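# Topology and contacts: notes
The primary structure of each chain is shown beneath.
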Amino acid sequence: MSYTAHPDRYADMPYRRSGRSGLKLPALSLGLWHNFGPDRSVDTQRAILRRAFDLGVTHFDLANNYGPPPGAAESAFGEFLKADFAPYRDEMIISTKAGYLMWPGPYGEWGSRKYVLSSLDQSLKRMGLDYVDIFYSHRPDPETPLEETMGALHSAVQQGKALYVGISNYSAEQTREAARILGELGTPLLIHQPRYSMLDRRPETGGLLDALDELEVGSIVFSPLEQGVLSSRYLNGIPEGSRAASESPFLNSDALTEDLVAKLRALNDIAAGRGQTLAQLALAWVLRGGRVTSALVGASSAQQIEDSVGALANLDFEDAELAQIDKIVNG
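Quick notes on the rules
All residue numbers refer to position in the chain's written sequence, counted from 1. Local features in a predicted model are, by the rule used here, given only for residues with pLDDT of at least 70; side-chain atom pairs are given and counted only at 80 or more, and totals for whole chains, interfaces and linings are based on all residues. To get the side-chain values, all heavy atoms of the structure are used, and hydrogens and water are removed first. Numbered from the N terminus, helices here are DSSP runs of H or I no shorter than four residues, and strands are runs of E no shorter than two. The size measure is the radius of gyration over C-alpha atoms, and the globule rule it meets is 2.2 Å times the number of residues to the 0.38 power. For each residue, the accessible area found with a 1.4 Å probe, counting protein chains only, is set against the maximum for its type, and the residue is called buried under 20%, exposed over 50%, and partly exposed in between. We define a polar contact as two N or O atoms separated by no more than 3.5 Å, with the added condition that, inside protein, one atom must be a possible hydrogen donor and the other a possible acceptor, whereas residues neighbouring each other in sequence contribute only through side-chain atom pairs. The term salt bridge refers to a side-chain nitrogen of Lys or Arg lying within 4 Å of a carboxyl oxygen of Asp or Glu. By convention, a stacked pair of Phe, Tyr or Trp rings (six-membered ring in the case of Trp) has centres within 6.5 Å and planes under 30 degrees apart, an edge-to-face pair has planes over 60 apart, and any other such pair is tilted. In this scheme, Lys NZ or Arg CZ marks a charge over a ring once it lies within 6 Å of the ring centre and within 35 degrees of the ring normal. For our purposes a nonpolar core is just a set of buried Ala, Val, Leu, Ile, Met, Phe, Trp, Tyr and Cys residues, chained together by side-chain atoms within 4.5 Å. Contacts are assigned to residue pairs with any non-hydrogen atoms lying within 4.5 Å of each other. Here the rule is simple: two strands pair whenever DSSP picks up at least two bridges between them. Every axis corresponds to a line fitted to the C-alpha atoms, with the helix fit spanning only the stretch in contact, and the corresponding angles, defined between N-to-C directions, vary from 0 to 180 degrees. Any angle that is under 35 degrees is reported as roughly parallel, and any over 145 degrees as roughly antiparallel; angles of 65 to 115 degrees are reported as roughly perpendicular and all others as oblique. Think of it as three bins: nonpolar holds Ala, Val, Leu, Ile, Met, Phe, Trp, Tyr, Cys and Pro, charged holds Asp, Glu, Lys and Arg, and polar takes everything else, Gly as well.

When you go through the protein chain residue by residue, the secondary structure sums to eleven helices and ten strands. Here the C-alpha radius of gyration of the protein chain, 19 Å, is about what a compact globule of 331 residues would show, namely 20 Å. The dimensions of the protein chain, computed from C-alpha atoms along their principal axes, are 50 × 50 × 40 Å. Counting every position in the protein chain, which comprises 331 residues, the buried fraction comes to 54%.

Spelled out as structure tokens, the structure:
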């Protein structure tokens, strides 16, 4: 069945400027990390993408290694672009990344110019695109000069294969240096993608958010729900079929201690008092105050996208609420 986007798709979604750039991102963006491989229903994947776009989610975040297996998410997304979203390409922000292992040998990962630009060419081919809107260095390479990796990002822009560039998983110090190098090249650093949630505050404690404020660089945070821990799923233990039950390398049952479950229940009480689910509270928390440009959410159903967007109805917090959340998390 052919797809026509909802006429009111821009009515309710807030859009936030990324740093000092001209680019605005939706407060919620869709990440295609885990639910767009061949092990997932094509109909479900299509429903997720359509519902997201109908709700004003204009940013779709990928990486070369997303799937599983690596490359599968980009290939699937390319098919949906061609079938459903070709008329809407200029309304979409599409991002991808290079950094993790993609092919055998010394040129298949990290941050060399050889790998970064080869990977981008492969990503564009999988998605059927001439360019991506944002191209990231997915992780810092301890053995390649930062000038080389940032120079490759600059070249991607110069070649017309990316409109903007970003970095992910870089420390505050590395971010300052990357921004300096890119600035001298004439391709400003648009955005940083760190992991950040109520339970993982390293961007605060490590000074990354402060650095981004000073540099006037945007931020888009991944795992704001801590792999689903900050949802109602684990309030009563570990259900069958959940990520924790599967002993995923990203979340295992050992992490869900009695102490953590008690904290989740206390946070859920705060959420209920705000008329939100725990997941909605977690998303509102990372978006509070406007320091974070956008929060990345994954989805295994269209309903999950709707629930996530529901968080945007209440992004304001009383000081007492924030203090109580801190007390629960740090207690």
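What follows deals with the side chain of N64. Positionally, N64 belongs in the loop between β4 (59-61) and α2 (72-85). Separated by 2.8 Å, the side chains of N64 and Y115 make a polar contact.

All told, the structure shown has 24 salt bridges when counted by the stated rule. Of the charged contacts in the structure, one is a salt bridge between E74 and R126, with a shortest N-O distance of 2.7 Å. Placement of the pair is E74 in helix α2 and R126 in helix α3 (residues 113-127), with a sequence separation of 52 residues. On the accessibility criterion, E74 (0% relative accessible area) is buried. Because the salt bridges share partners, they merge into one network encompassing R195, D200, R202 and E226.

A word on the packing of aromatic side chains. Inspection of the entire model under this criterion finds nine aromatic pairs. Consider the rings of F53 and Y88, whose centres lie 5.5 Å apart with planes at 55°: the pair is tilted. Linking F53 in helix α1 (residues 42-54) with Y88 in the loop between α2 and β5 (93-98), this pair joins segments that are 35 residues apart in sequence. By the burial criterion, F53 is buried, and Y88 matches it. Each member of the aromatic cluster is reached from another via a ring pair, and the members are Y3, F53, F60, F77, F85 and Y88. In this structure, R274 is placed above the aromatic ring of F317, and the distance from its NZ or CZ to the ring centre is 3.8 Å. Cation over ring: R288 sits above W285, and NZ or CZ is 3.8 Å from the ring centre.

Moving on, we come to the nonpolar core. The tendency in soluble globular proteins is for nonpolar side chains to be buried side by side. One finds L30 and F77 to be the most contacted residues of the largest nonpolar core, which totals 92 residues. Considering every element that reaches this core, the biggest residue donor is helix α9 (residues 278-287), with nine residues. Once residues within four sequence positions are removed from consideration, F77 is found in contact with L32, L49, F60, L62, M92, I94 and M127. L25, Y136, I191 and I220 belong to the second-largest nonpolar core, a separate cluster that totals nine residues.

Around the barrel, which closes on itself, the eight strands sit in the order β3-β4-β5-β6-β7-β8-β9-β10 with parallel pairing between neighbours. Each strand of the sheet is rotated relative to its neighbour by a mean of 30°, with strand direction disregarded. As paired strands, strand β8 (residues 189-193) and strand β9 (residues 218-221) are joined by two bridges and run parallel to one another. Looking at the pairing, H192 lines up with S219 of β9.

What follows is about the packing of α2 against α3. Relative to each other, α2 and α3 sit at 40°, their axes nearing to 7 Å. Overall, the two elements α2 and α3 adopt an arrangement that is oblique. Residues E74, S75, F77, G78 and L81 of α2 lie in contact with α3, whose contacting residues are S123, R126 and M127. In the contact of α2 with α3, the residues fall into three nonpolar, three polar and two charged.

On to unusual backbone geometry. Following G67, the chain continues into P68 via a peptide bond in cis, with omega recorded as -10°. With respect to the helices and strands, the residue P68 is situated in the loop between β4 and α2. Residue P69 follows P68 across a cis peptide bond; omega there is -5°.

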